[in-house]
Amino acid sequence: MHPIRGSDDGGQDADFDVTAWVAGLNADDRLADLAAEELSSDPRIRGSRLEISVQNGVVILQGELESEDAREAARRRAWSLPGIRDVCDVVITPMSGV
């Protein structure tokens, strides 16, 4: 969450744009929905325990997948979405040893 700082003239800090910040939150929600739809269309991923979230255009994949192949498919599908800036993968698989 971005703090809102006051300026000397009693208004908001000139560097902080509330409208852009809220639009960014909404964009992340839309990207998270799009990512969930895209990933659930893959039979290697569908039905698994995978949590998908987006923060500032970064997809965060958390949970468990059955194989490294499924994990790589999830990463590739997430990267393929328009507007994605990065993918953070903290998925556990049987081969990951975690």
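The structure under discussion appears in the preceding block.
Right, let's walk through the structure included here. (Residues numbered from 1 in each chain as written. Predicted model: local features only at pLDDT ≥ 70, side-chain atom pairs only at ≥ 80, totals over all residues. Heavy atoms only, no water.)

Comments concerning the overall build of the protein
Of regular secondary structure, the protein possesses two helices and three strands. Moving toward the C terminus, one meets the helices and strands of the protein in the order α-β-β-α-β. For the protein, with 98 residues in total, the buried portion stands at 27%. In the protein, the share of contacts with a sequence separation of at least 24, taken over all contacts with a separation of at least 6, comes to 53%. (Helix = DSSP H or I, 4+ residues; strand = E, 2+ residues; numbered from the N terminus. Buried < 20%, exposed > 50% of the residue type's maximum accessible area, 1.4 Å probe, protein only. Contact = heavy atoms within 4.5 Å.)

Description of the nonpolar core
One finds Ile45, Val59, Leu61, Leu65, Ala74, Ile84 and Val87 to be the most contacted residues of the largest nonpolar core, which totals 17 residues. Where this core is concerned, the elements lending two or more residues are α1 (18-40), β2 (58-64), α2 (68-79) and β3 (86-92). Among all residues touching Ile45, those that are not within four sequence positions of it are Leu39, Leu50, Leu65, Ala70, Ala73, Ala74 and Arg77. (Core = buried A, V, L, I, M, F, W, Y, C linked by side-chain atoms within 4.5 Å.)

Regarding α2
Taking 1.5 Å of rise per residue, twelve residues should cover 16 Å, and α2 covers 16 Å from first to last C-alpha, within 8% of that figure. When α2 is considered as a whole, its buried residues turn out to be Ala70, Arg71, Ala73, Ala74 and Ala78. Summarising the axial view, the buried residues of α2 lie within an arc of 160 degrees, below the 170-degree limit, and thus occupy one face. (Expected span 1.5 Å × (residues − 1). Arc of directions from axis to C-beta.)

Some points on the sheet that holds β3
Taking strand neighbours across the sheet as the criterion, the three strands line up as β1-β2-β3 in an open arrangement whose pairing is mixed. The sheet is open, and its two borders are formed by β1 (49-55) and β3, each paired with just one other strand. Strand-to-strand twist of the sheet, defined as the mean angle between neighbouring strand axes without regard to direction, takes the value 10 degrees. Pairing of β1 with β2, which is carried by seven bridges, proceeds in the antiparallel orientation. Paired with Ser53 across the two strands is Ile60, which belongs to β2. Sheet strands touched by α2: β2 and β3. Its angle to β3, the strand with the most contacts, is close to 160 degrees. (Pairing = 2+ DSSP bridges. Axes fitted to C-alpha atoms, helices over the stretch in contact; angles between N-to-C directions.)

Digging into the pairing of β2
Taken together, β1 and the strand that follows it, β2, pair antiparallel across an intervening segment of two residues, in which Asn56 is found at a positive phi of about 55 degrees. Bridge analysis of β2 against β3 gives seven bridges, and the strand direction is parallel. Paired with Gln62 across the two strands is Val90, which belongs to β3. This β-α-β element, β2 to α2 to β3, shows right-handed connectivity. (Right-handed = clockwise from strand over helix to strand, strands pointing away.)

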